Amino acid sequence: MNEIRLRLKALRLEMLKQNLDAFYISGTDPHSSEYLSDRWQTRAFITGFTGSYGTVVITQEEAGLWTDTRYFLQAEEQLKGTGIKMFKLRVPNAELPEKWLARKLSSDSKVGVDVQTVTIDGYRAMESVLDEKGIKLVKTGDLLDRIWEERPEIPKEQVFELDETCAGLTRKEKKEAVVSELKKRNADYHIITTLDELAWMFNLRGSDAAYNPVFTGYGVIGKSESLLFADTSKFSELLKNKLDKEHIQLRDYDAFFPWLTQMKGRTWFVDTSSANYAVFEALDNNKIIEDISCISLLKACKNEVEISGFKEAMRKDGVALVEFLFWLKNSLGKEEITEYTAGRKLADFRAKQPDFMGESFAPIVGYKEHGAIVHLSVGPDDALLLKPEGVLLFDSGGHYLQGTTDITRTVALGNVSGRQKKDFTLVLKGMIALSNAIFPEGIKGAHLDILARKFLWEQRLNYGHGTGHGVGHFLNVHEGPMAIRQEFNPVEIKLGMVLSNEPGLYREGEYGIRTENMIYCVEKEQTSFGTFLGFETLTLCPIDTNLLDESLITIEEKNWINAYHARINTELKPLLNVNLHPFLDELTKSV
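Just so we're clear, the structure is a prediction, and the values are computed from it rather than from any experiment.

(A) Quick look at the sheet that holds strand β20 (residues 407–412). The strand order β16-β17-β20 describes an open sheet built from three strands, whose pairing is antiparallel. Since the sheet does not close on itself, it has two edges, and those belong to β16 (364–367) and β20, each with one partner. Across the sheet, the mean angle from the axis of one strand to that of its neighbour is 10 degrees, orientation sign disregarded. In terms of strand pairing, strand β17 (residues 391–396) meets β20 through six bridges, oriented antiparallel. Residue pairing across strands places D395 opposite T408, the latter belonging to β20. Its contacts with the sheet place helix α13 (residues 304–331) against β17 and β20, and it is angled at close to 155 degrees to β17.

(B) Structural view of a negative patch on the surface. Negative charge collects at one region of the surface, where D163, E164, E173 and E176 lie side by side. Within the element layout of this structure, E173 appears in helix α7 (residues 171–184). For E173, a relative accessible area of 38% gives the class partly exposed.

(C) Geometry of the pattern of salt bridges. Under the criterion given, the structure shown has 45 salt bridges. Of the charged contacts, one joins R7 and E3 as a salt bridge, the two residues approaching to 2.8 Å between their closest N and O atoms. Pair noted here: R7 and E3 are both in helix α1 (residues 2–17), with a separation of four residues, about one helical turn. The partner of K139 in a salt bridge is E281, and the shortest N-O contact between them spans 2.6 Å. Taken together, the residues span a long stretch of sequence, with K139 in strand β6 (residues 136–139) and E281 in helix α11 (residues 277–282) at a distance of 142 residues. Each member of the salt-bridge network shares a partner with another, and the members are E34, D68, R70 and R90.

(D) Quick peek at unusual backbone geometry. Omega for the peptide link from G480 to P481 comes to 5 degrees, which places this bond in the cis form. Tracing the chain through its elements places P481 in strand β23 (residues 479–484). The phi angle at S32 is positive, at roughly 55 degrees, despite the residue not being glycine. Residue position: S32 is located in the loop between β1 (22–25) and α2 (42–47). Overall, the relative accessible area of 30% leaves S32 in the partly exposed class. Non-glycine residue D108 carries a positive phi angle of around 75 degrees. The class of D108 is exposed, set by a relative accessible area of 66%.

(E) View of the packing of aromatic side chains. In this structure the tally under the stated criterion is 25 aromatic pairs. Judged by centre distance (3.8 Å) and plane angle (20 degrees), the ring pair of Y123 and Y277 falls under stacked. With Y123 in helix α5 (residues 120–132) and Y277 in helix α11, this residue pair connects regions lying 154 residues apart in the sequence. The buried category is assigned to Y123, whose relative accessible area is 1%. Using a relative accessible area of 10% as the deciding quantity, one classes Y277 as buried. Taking the centre distance of 5.5 Å and the plane angle of 65 degrees together, the rings of F356 and Y400 count as edge-to-face. With F356 in strand β15 (residues 356–359) and Y400 in strand β18 (residues 398–400), the pair connects residues that are 44 residues apart, well separated along the chain. For the pair shown, F356 and Y400 are each scored as buried.

Definitions and limits used
Residues numbered from 1 in each chain as written. Predicted model: local features only at pLDDT ≥ 70, side-chain atom pairs only at ≥ 80, totals over all residues. Heavy atoms only, no water. Pairing = 2+ DSSP bridges. Helix = DSSP H or I, 4+ residues; strand = E, 2+ residues; numbered from the N terminus. Axes fitted to C-alpha atoms, helices over the stretch in contact; angles between N-to-C directions. Contact = heavy atoms within 4.5 Å. Patch = residues over 30% accessible without salt bridge, like charges linked within 9 Å, V, L, I, M, F, W, Y side chains within 5 Å. Areas by Shrake-Rupley, 256 points an atom, 1.4 Å probe, with all protein chains shown as cover. Salt bridge = Lys/Arg side-chain N within 4 Å of Asp/Glu carboxyl O. Lys, Arg positive; Asp, Glu negative; His and termini not counted. Charge placed at Lys NZ, Arg CZ, Asp CG, Glu CD. Buried < 20%, exposed > 50% of the residue type's maximum accessible area, 1.4 Å probe, protein only. Phe/Tyr/Trp six-rings, centres within 6.5 Å; stacked < 30°, edge-to-face > 60°.

Printed below as a string of structure tokens:
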């Protein structure tokens, strides 16, 4: 941890040079990314914390990391000895970083920030709070660049095309849809700043960020022109020619802000929740329409080809998962298996499937007390040894050309307690309730969240994370703008949206339980009261009925489990080695 303390000291010296009392680090890149290329691992560099979410504030006397419930245990452990304090977000009475700064600093203090790594909304919120106290927000640029020796460059991996047979729509068709939205708003251009929107819009993929098939760049869609700003050396001549024939201007990444600055008198559509504040500054003397990116909404509602692709990806994933469960059952106790080696073995089974393009996130494999760490990260040296007892939670996913997967299962490795069975069953009841939800058009995710928590709340239990996030089509495993969680999100749940369904329960120091399927929104019925929607389940992997407390399960819930398992058996058996058929029959037998 001395290295972290030395970095903090170096940063504080830079702050002194610029007469700053504090420096704010958003923990993301200029594209509001969750998963970052090595160049933008600023949060990990300055704190040692490796989670995917967190904001850092450094003053001359103190330092803090703000993160959410997924990372409380991990952050406490990784921050030991650094002098950096962890602050909790998304809990009652949480104090935001800007509020903390306003309380800690005197009036006339100065807080530095790199405006390329803070959203427009984020900058405004921070400025508003600090301004009340007379504290000035100073645009400093990236101070870490001055102290980060041998800082990684933006990756140089090649960009490749996702064929329309997988994407479902051509670039031209997608542009027409965006232009239609621009016309509705009397806007001239739509700015694309997030990397998954960029990849979706242009039917391109890359590998600039771990676990996310995206590439670094910006985009602009106008009524008469389309521009893509990225490292042009990452595009083959064939792809360059193809884009050129489609009248898509490919320009260098560094040309984006100079191009924006010289554009005057236009009307721009900008998503202030994701576009960085430097974009807003560059658009001075232009009219800006602020709203949720219409590209994010178009991307979230999957077309028929994408849904069909997800289903194919789930069958491939299901085969890999059954092979993994078979290996686990037959190897446990006969060879040394740790959380880490189990995660790598699961990745190996996925890698055997056709069109596998990599894991969709780092696998979370938590045994016994490690299962209570929601976003556990272990290596070969700190992973627990699996034994034929207790419960194992594994949360993993894969990218296939046809779609992206995200699944969590909790399985019994041996004898389990009555309380573990009860906890597992309460979580499963919530997952089933959300799977069976029927609701009118216009419903938001926050309206549905209670379905997954009801049975836990009745027992005075709860979990701290969201219930459902969007999932990209061979894109980011965490995708907005919709979500199913307690916090209100104004985006409606609409036809074609693909989400996770993942209630859980975590007993610190003992075990964790989570059951997660992916679901997609479908139309259920049109009545005189309007159109009613619901969900269909995409994931194909058995649920461990050895963990069921059948006294808590209703007939309807048993019927759901049995129908789900029958479907898994029907869809996966033709794809599995015949030697695994009896095992699949056992996993999917009726309860």
